[in-house]
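So the chains spell out like this:
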Amino acid sequence: MSNSPLVQATILSPNHSGRRNQKITKIAIHHAAGVINGRNLAGVFVPRSRRASANYNLGSDGVIVLGVDESNRAWTTSSSWCDNRAVTIEVGNSTRGPQWLVSDYVLKRLIDLVTDICRRNGIYPCTYTGGKDGVLQKHEWYKNTNCPGPYLGSKFPYIANEVNKRLRGNNTVSKPTGGLYRVRKSWSDVKSQKGAFKNLENAKRCADRFRLKVFDANGKIVYPVGKTIDQLAREVISGKWGNGEERKRRLTQAGYDYRAVQRRVNQLV
């Protein structure tokens, strides 16, 4: 098993479990919760007392440092189930909290790295489902933590989409007939799912039966047709969705991305 050719330095951490016991089928993206370059980020995980590590460390400077060989299980997500299946990546921020932004350059480097990992490990499509069944994984699903942070977390559908664009341009990748359409109450409510369908019409019939919605592989509502982020933001400003936690709850239950809507609201007011 080879590591990414994008690696610019190697600073190995002793904090890992040795050979992973599962095939690589997932990628867990974390944020460093700090503005830190690649070499220093990798160095954080060198002391044994740290008891944590990542396969790759992508610094705020865009430098990618190998921390744990891909063939080994890093200690990253607080879940042996996930860590054994996932190549894990720590990403340096461009600002501190509460948003924990990531620069456009580092985001591009992250997409480069995820694409390379998928290509070398035969992962296609690169999916983000909002749950553990997808390829892209979040630390917050396995531990009570705000990781990968509001900004990077909101970019998972975009990352999956951009990676798949690149993978489709590679003739060595076998292309499936299409992604799955998931029938749920809302994208974030994985437990409410009633089915996943290759055929959109079958998904629509299931949604009608249970009065639910149909989402594509990137979490976008495809049935019934949802409102745009701009439309929702203007409705929020006019008071149609309430305030605070009530607004968050109502938008989420309706199947919309609360953070994306609120970000647009902040731009408009």
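- The name given to the protein in an unreviewed UniProt entry is Cpl-7 lysozyme C-terminal domain, with Urinicoccus massiliensis as the source organism.

**Observations concerning the nonpolar core**
Okay, so step 1: If you look at the biggest cluster of nonpolar residues, it comprises 43 residues, and the most contacted ones within it are Ile29, Ile89, Leu110, Val114, Leu136 and Ile159.
Okay, so step 2: Here this core takes eight residues from helix H3 (residues 104-121), the largest share from any one element.
Okay, so step 3: Aside from chain neighbours lying at most four places away, what touches Ile159 is Ile29, Leu107, Leu110, Ile111, Leu136 and Leu152.

**Overview of the sheet that holds strand S9 (residues 181-184)**
Okay, so step 1: Pairing in this open sheet of four strands is antiparallel, and the strands run S10-S9-S11-S12 from one edge to the other. If you trace the sheet from one side to the other, it starts and ends with strand S10 (195-197) and strand S12 (221-223), each paired once. Within this sheet the neighbouring strands show an average axis-to-axis angle of 35°, counted without direction.
Okay, so step 2: In terms of strand pairing, S9 meets strand S11 (residues 213-215) through three bridges, oriented antiparallel. Considered in S11, the bridge of Arg182 is made with Phe215.

**Observations concerning the packing of aromatic side chains**
Here the distance between the centres and the angle between the planes together describe a pair of aromatic rings.
Okay, so step 1: Tallying each qualifying case throughout the model produces two aromatic pairs.
Okay, so step 2: The interplanar angle of 10° and the centroid separation of 6.2 Å between the aromatic rings of Tyr128 and Trp141 together place this pair among those described as stacked. Of this pair, Tyr128 sits in the loop between H3 and strand S8 (136-137) while Trp141 sits in the loop between S8 and helix H4 (150-154), and the two are 13 residues apart along the sequence.
Okay, so step 3: The exposure class assigned to Tyr128 is buried, which follows from its relative accessible area of 6%.
Okay, so step 4: Put simply, the rings of Tyr128, Trp141 and Phe156 touch in pairs and so form one group of aromatic residues.
Okay, so step 5: Of note, Lys138 hangs over the ring of Phe156, and the distance from its end group to the ring centre comes to 5.1 Å.
Okay, so step 6: Its guanidinium or amino end placed over the ring of Phe210, Lys194 lies 5.1 Å from that ring's centre, counting from NZ or CZ.

Cut-off values and rules
- Residues numbered from 1 in each chain as written.
- Predicted model: local features only at pLDDT ≥ 70, side-chain atom pairs only at ≥ 80, totals over all residues.
- Heavy atoms only, no water.
- Core = buried A, V, L, I, M, F, W, Y, C linked by side-chain atoms within 4.5 Å.
- Buried < 20%, exposed > 50% of the residue type's maximum accessible area, 1.4 Å probe, protein only.
- Helix = DSSP H or I, 4+ residues; strand = E, 2+ residues; numbered from the N terminus.
- Contact = heavy atoms within 4.5 Å.
- Pairing = 2+ DSSP bridges.
- Axes fitted to C-alpha atoms, helices over the stretch in contact; angles between N-to-C directions.
- Phe/Tyr/Trp six-rings, centres within 6.5 Å; stacked < 30°, edge-to-face > 60°.
- Lys NZ or Arg CZ within 6 Å of the ring centre and 35° of its normal.

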